Amino acid sequence: GAGVSQSPRYKVAKRGQDVALRCDPISGHVSLFWYQQALGQGPEFLTYFQNEAQLDKSGLPSDRFFAERPEGSVSTLKIQRTQQEDSAVYLCASSLGWAMRNEQFFGPGTRLTVL
Amino acid sequence: AQSVTQPDIHITVSEGASLELRCNYSYGATPYLFWYVQSPGQGLQLLLKYFSGDTLVQGIKGFEAEFKRSQSSFNLRKPSVHWSDAAEYFCAVAIVTGFQKLVFGTGTRLLVSP
């Protein structure tokens, strides 16, 4: 009965380092979303997967951000050459289907701090 | 562009008192509207949603919200607040793109005083 899990929960990176953030969605969930939540702000959409297909990546802030979901389950968000402005909580969510009425279930997030 | 405004950054309510959190949206079509709650260290949890039909929507934990098209609002209410309701509350609108693409407001932090 596990929900969405994310790892690591906290990550500290030096500016210029690459990081990889993992999301384990609820088993059987077709849709997977990544959001970025800066301090004091609401979550902002980054990208969307339907199974292994990345159907929308319009929210990725730069080409340093890359997401994948190769087998349609676990997803990884990778940030290359991290910058201080990348410091945020990265939230993953999954939903059973792709219809508008399907509820998104959110993980606890990964807090990334770039020094 | 689609947007959500939550005009109150912080609200303090006495335990047992009523609560109303404001949300205004900007969206050209019929909106799909949501309220989420976020407790420290926890993910977002859906409180309630509006897609169509009755404009007064009931949710979990005793919350309700009313959709008012004329005011572009979707305010969240609770008749009697409990200390455990202290959290951050986010209003969101879904853009109809073939999947549920959410646009969130900046949130309202609810503090509950004894």
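Residues numbered from 1 in each chain as written. Chains lettered and ligands numbered in written order. Predicted model: local features only at pLDDT ≥ 70, side-chain atom pairs only at ≥ 80, totals over all residues. Heavy atoms only, no water.

Q: Looking at this structure, I do not really get the interface of chain B and chain A. What am I missing?
A: For an interface, size is often stated in terms of accessible area lost upon the parts coming together. Taken residue by residue, the interface counts 23 residues in chain B and 22 residues in chain A. Carbon and sulfur atoms make up 58% of the surface buried where chain B meets chain A, a total of about 1,800 Å² over both sides. Its largest share of buried area at the contact with chain A, chain B owes to L44, F99 and Q100 of chain B, together 31% of the area lost on that side. Seen at the junction of chain B and chain A, the total is one salt bridge. Those elements that provide at least two residues to the side of chain B that touches chain A are β5 (32-38), β6 (44-50), β10 (87-96) and β11 (100-104) of chain B. Looking at the side of chain B that touches chain A residue by residue, the classes come out as 12 nonpolar, nine polar and two charged. (Contact = heavy atoms within 4.5 Å. Buried area = accessible area lost by both parts, 1.4 Å probe. Salt bridge = Lys/Arg side-chain N within 4 Å of Asp/Glu carboxyl O. Helix = DSSP H or I, 4+ residues; strand = E, 2+ residues; numbered from the N terminus. Nonpolar A, V, L, I, M, F, W, Y, C, P; charged D, E, K, R; others polar.)

Q: Please explain unusual backbone geometry as it appears in this structure.
A: Both trends apply: most residues other than glycine have a negative phi, and most peptide bonds are in trans. For the peptide bond that leads from S7 of chain A to P8 of chain A, omega is -10 degrees, which places it in the cis range. Within the secondary structure layout, P8 of chain A lies in the loop between β1 (5-7) and β2 (10-13). Positioned with a positive phi, N51 of chain A is a non-glycine residue whose angle comes to about 55 degrees. Structurally, N51 of chain A is set in the loop between β5 (44-50) and β6 (53-56). For K61 of chain B, which is not a glycine, the phi torsion comes out positive at approximately 60 degrees. Here K61 of chain B is to be found in the loop between β7 (56-58) and β8 (64-68).

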